[in-house]
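# Summary of structural features
If you want the building blocks of each chain, they are given just below.
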Amino acid sequence: MVSNYMSLTISQITNGVGFPKAAELIEITGTHALEASDRAIFNHLLQTAHDSGRLSEPDAEWEISLAALRRPASKHESNDRIRESLRRLRRTEVKVTYISARTGKRRVMETHLLEFTDTDEDESDTATLQFGIPKRLRLVLARSNRWGRIRCEVAYAMTSKYAIALYEKLCLWANLDHCVRTLEVAEFREMLGVPPGAYERGLDFERKVIDPAVLEVNGLSDMGVQIEVQRRHARAPIHGVTLSWWKKQGDEFRAAMQERNRSKVGRMARLRGEVEKTAVVEKLAAG
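The sections below set out a description of the structure shown in this document.

Definitions and cut-offs
- Residues numbered from 1 in each chain as written.
- Predicted model: local features only at pLDDT ≥ 70, side-chain atom pairs only at ≥ 80, totals over all residues.
- Heavy atoms only, no water.
- Helix = DSSP H or I, 4+ residues; strand = E, 2+ residues; numbered from the N terminus.
- Rg over C-alpha atoms; globule rule 2.2 N^0.38 Å.
- Buried < 20%, exposed > 50% of the residue type's maximum accessible area, 1.4 Å probe, protein only.
- Areas by Shrake-Rupley, 256 points an atom, 1.4 Å probe, with all protein chains shown as cover.
- Lys, Arg positive; Asp, Glu negative; His and termini not counted.
- Charge placed at Lys NZ, Arg CZ, Asp CG, Glu CD.
- Pairing = 2+ DSSP bridges.
- Axes fitted to C-alpha atoms, helices over the stretch in contact; angles between N-to-C directions.
- Contact = heavy atoms within 4.5 Å.
- Parallel < 35°, antiparallel > 145°, perpendicular 65-115°, else oblique.
- Left-handed = near helix turned anticlockwise from the far one by under 90°.
- Nonpolar A, V, L, I, M, F, W, Y, C, P; charged D, E, K, R; others polar.
- Salt bridge = Lys/Arg side-chain N within 4 Å of Asp/Glu carboxyl O.

### Considerations on the overall build of the protein
- Scanning the protein from N- to C-terminus turns up 12 helices and 10 strands.
- Computed over its C-alpha atoms, the radius of gyration of the protein comes to 20 Å, within 12% of the 19 Å expected for a compact globule of 287 residues.
- Principal-axis analysis of the C-alpha atoms gives the protein an extent of 70 × 50 × 40 Å.
- Burial status across the protein gives 46% buried among its 287 residues.
- For the protein, the computed accessible surface area is about 15500 Å², with 49% contributed by carbon and sulfur atoms.
- Across the protein, 45 positive and 40 negative side-chain charges occur, with their mean positions spaced 4 Å apart.

Structure below.
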């Protein structure tokens, strides 16, 4: 058991770097059915629960306005998409690996992320969501002593669920002395929540999973990352990936913050540099 209460995740205070998300939740597997919006909304709910100071209370429940969840996620005035995300969070079964406080052994809990949701039927700005987090999961979180600081606005800004998963993992690793790690491709796929059987071809995996994740993490978050795929020869399948990461500073940090504050319209083109390229071509064509 953890003897120093101040080292527990629940004792940490949300600050300018983000809210403390327990490693046990960052490292969950089985998330492939969740979309990017689902992951962003769950972070918002988890921060609400954490900041209340009641996460470890036996019968704790929370309430938040649906508008507070809807506005960062979408410009739509309807709460339908929020309700769809909540359904997926209730129904998707994930695996949480943790250390038993009683035996000191690793255990795997299969659980949903939300115990229940209870929403107003109307679409007004006063409509609220009441929600609960499963008791056994909250017990794991109450004993957690590892965390990464997550900015909810970063997850809301991302469109790739793989980018969100990668960003959270980098936040967990942010203070490690060694900032390079090689993973087997199966472990990496599981870490990002890639559906079983999807993107098995190396080119598809790079184009649909790795490239969008790297693009959004580098363009929108406080972390920078490079990923190199490992092959035994040029035509061989990918067998591993090497990640290197760093905390952004100076202009690199400010550029990501400025992009998060800009409209999502045209964002992917800006992140790829296509807007600048188009402007240069047009300028040259104009003479």
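So much for the structure itself; the text now carries on.
### Some details on the pairing of strand S2 (residues 62-65)
- Of the two faces of S2, only the one carrying Trp62 and Ile64 is buried; Glu63 and Ser65 on the other face are not.
- Pairing of S2 with strand S6 (residues 128-132), which is carried by four bridges, proceeds in the antiparallel orientation. What sits directly across from Ile64, in S6, is Leu129.

### Focus on unusual backbone geometry
- A positive phi is found at Tyr199, a non-glycine position, where the angle reads about 50°.
- As for its placement among the helices and strands, Tyr199 is situated in the loop between helix H8 (185-192) and helix H9 (202-220).
- For Tyr199, a relative accessible area of 30% corresponds to the partly exposed category.

### Observations regarding the sheet that holds S6
- Overall, antiparallel pairing links the three strands, which are arranged S2-S6-S5 in an open sheet. Whereas interior strands pair on both sides, the edge strands pair on one side only; in this sheet they are S2 and strand S5 (116-119). Ignoring strand direction, the axes of neighbouring strands in this sheet form an average angle of 25°.
- The strands touched by helix H3 (residues 66-73) within the sheet are S2, S5 and S6, with S2 carrying the most contacts at an inclination of about 55°.
- Helix H4 (residues 80-91) contacts S5 and S6 of the sheet and is inclined by roughly 160° relative to S5.

### Observations concerning the packing of H8 against H9
- At their nearest, the axes of H8 and H9 sit 12 Å apart, and the two run at 40° to each other. As summarised for this structure, H8 and H9 are arranged oblique, according to the angle between their axes. Relative to H9, the crossing made by H8 is left-handed. Contacts between H8 and H9 involve Val185, Phe188, Arg189 and Leu192 from the former and Phe205, Val209 and Ile210 from the latter.
- Of the residues assigned to the contact of H8 with H9, the class counts are six nonpolar, no polar and one charged.

### Some points on the pairing of S6
- Across the five residues of S6, four count as buried, placing the element largely inside the fold.
- By the bridge criterion, four bridges tie S5 to S6 in an arrangement that is antiparallel. Each bridged residue has a counterpart across the sheet, and for Thr117 the counterpart in S6 is Phe131.

### Details of the pattern of salt bridges
- According to the stated counting rule, one finds 14 salt bridges in the structure shown.
- The closest approach of N and O atoms between Glu206 and Arg231, which form a salt bridge, is 3.2 Å. Placement of Glu206 in helix H9 and of Arg231 in the loop between strand S9 (223-230) and strand S10 (240-247) is noted, with a sequence separation of 25 residues between them.
- With a closest N to O distance of 3.1 Å, Glu259 and Arg267 form a salt bridge. Each member of the pair Glu259 and Arg267 is classed as buried.

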